[in-house]
Amino acid sequence: MAGYQAARGEFIVDFDNYAEVDLRELSFDSDAEPDCAEDGEEEPDVLTAADTEETRNLLLELKVAVADIYLNRQQERHRRHKLIKQYGLVNVRKFMALEHKFYGRTLRLCTERLRPFTRLLRPIAYDLFIEALHCTLLKLH
């Protein structure tokens, strides 16, 4: 598979590769004052303690939401890596070369038509299915 580094067991470019960008400026420092001025707006002259506390709570909730979104993106990335490895999608060329080498023309034509269904079976189950198909074709001929 393009972009897969087998020795390291990882991809050069991951799914959702820039998920970390949203976390880069995130800080959970309790000493940091909330920044009320944005894009040239003037800061209010007087902020009450309740306004400041409410602003801090809202900022904290926003930061936690951003961290939660990042966690969900990481879980999706991990799920996709697991599926790729579990279904043997990393070595597609090797799979096709073995198929070409060991199967006859009739079986090769059948497997080409059944190729979309390889996503439904794990590699071992698919191999067993193809072997059963091969035995059936041999009995017919």
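Residues numbered from 1 in each chain as written. Predicted model: local features only at pLDDT ≥ 70, side-chain atom pairs only at ≥ 80, totals over all residues. Heavy atoms only, no water.

Colleague: Break down the nonpolar core for me, citing the residues and quoting the values.
Modeller: Counting residues in each nonpolar core, the largest one holds six residues, listed as Tyr103, Leu107, Tyr126, Ile130, Leu133 and Leu137. It is helix α4 (residues 123-140) that contributes the most residues to this core, four residues altogether. If we ignore the near neighbours within four places in the chain, the residues touching Ile130 are Tyr103, Leu107 and Thr111. (Core = buried A, V, L, I, M, F, W, Y, C linked by side-chain atoms within 4.5 Å. Buried < 20%, exposed > 50% of the residue type's maximum accessible area, 1.4 Å probe, protein only. Helix = DSSP H or I, 4+ residues; strand = E, 2+ residues; numbered from the N terminus. Contact = heavy atoms within 4.5 Å.)

Colleague: Just give me the short version of the pattern of salt bridges, but keep the residues and values in it.
Modeller: Summed over the entire model, instances satisfying the criterion amount to four salt bridges. Here Arg77 ties to Glu20 by a salt bridge, and the two come within 3.2 Å at their closest N and O atoms. Of the two residues, Arg77 is situated in helix α1 (residues 49-86) and Glu20 in the loop between β2 (10-11) and α1; the sequence distance between them amounts to 57 residues. Looking at Arg77, the relative accessible area reads 9%, which means it is buried. (Salt bridge = Lys/Arg side-chain N within 4 Å of Asp/Glu carboxyl O.)

Colleague: So what's going on with the confidence of the model for the protein chain? Residues and values would help.
Modeller: Considering every residue of the protein chain, the mean pLDDT works out to 75; 72% of them sit at 70 or more. The weakest mean pLDDT in the protein chain belongs to strand β1 (residues 4-5) at 66; the strongest belongs to α1 at 87. (pLDDT = per-residue confidence, 0-100.)

Colleague: Run through a nonpolar patch on the surface, naming residues and quoting values.
Modeller: Where nonpolar side chains cluster on the molecular surface, the patch consists of Phe117, Leu120, Leu121 and Phe129 and spans about 390 Å² of accessible area. Among the secondary structure elements, Leu121 is positioned in the loop between α3 (105-114) and α4. (Patch = residues over 30% accessible without salt bridge, like charges linked within 9 Å, V, L, I, M, F, W, Y side chains within 5 Å. Areas by Shrake-Rupley, 256 points an atom, 1.4 Å probe, with all protein chains shown as cover.)

Colleague: Which residues make up the packing of α3 against α4, and what values go with them?
Modeller: Viewed as axis vectors pointing N to C, α3 and α4 meet at an angle of 140 degrees, and their least axial separation amounts to 10 Å. Between α3 and α4, the angle is such that the two are oblique. Viewed along their axes, α3 and α4 form a crossing whose handedness is right-handed. Contact residues: α3 offers Thr106, Leu107, Cys110, Thr111 and Leu114, while α4 offers Tyr126, Phe129, Ile130, Leu133, His134 and Leu137. Residues belonging to the contact of α3 with α4 are distributed by class as follows: eight nonpolar, three polar and no charged. (Axes fitted to C-alpha atoms, helices over the stretch in contact; angles between N-to-C directions. Parallel < 35°, antiparallel > 145°, perpendicular 65-115°, else oblique. Left-handed = near helix turned anticlockwise from the far one by under 90°. Nonpolar A, V, L, I, M, F, W, Y, C, P; charged D, E, K, R; others polar.)

Colleague: I'd like a rundown of the environment of Asp14, residues and numbers included.
Modeller: Examined against the element boundaries, Asp14 turns out to sit in the loop between β2 and α1. What makes Asp14 buried here is its relative accessible area of 19%. Ignoring sequence-local partners within four residues, the contact set of Asp14 consists of Arg77 and His81.

Colleague: Would you mind going over α4 in detail, with residue names and values included?
Modeller: An ideal rise of 1.5 Å per residue puts 26 Å on 18 residues; α4 measures up with 26 Å between its terminal C-alpha atoms. Buried within α4 are the following residues: Tyr126, Ile130, Leu133 and Leu137. Mapping the buried residues of α4 onto a view down its axis gives an arc of 60 degrees, with all of them on the same face. Seen from the open side of α4, the exposed residues pointing more than 90 degrees away from its buried face are Ile124, Leu128, Leu138 and Lys139. (Expected span 1.5 Å × (residues − 1). Arc of directions from axis to C-beta.)

Colleague: Explain the environment of Leu89 to me, using residue names and the numbers behind them.
Modeller: Counting through the fold element by element, Leu89 comes out in the loop between α1 and α2 (92-102). Spatially, the C-alpha atom of Leu89 lies 9.2 Å from that of Pro123, the residues being 34 residues apart in sequence.

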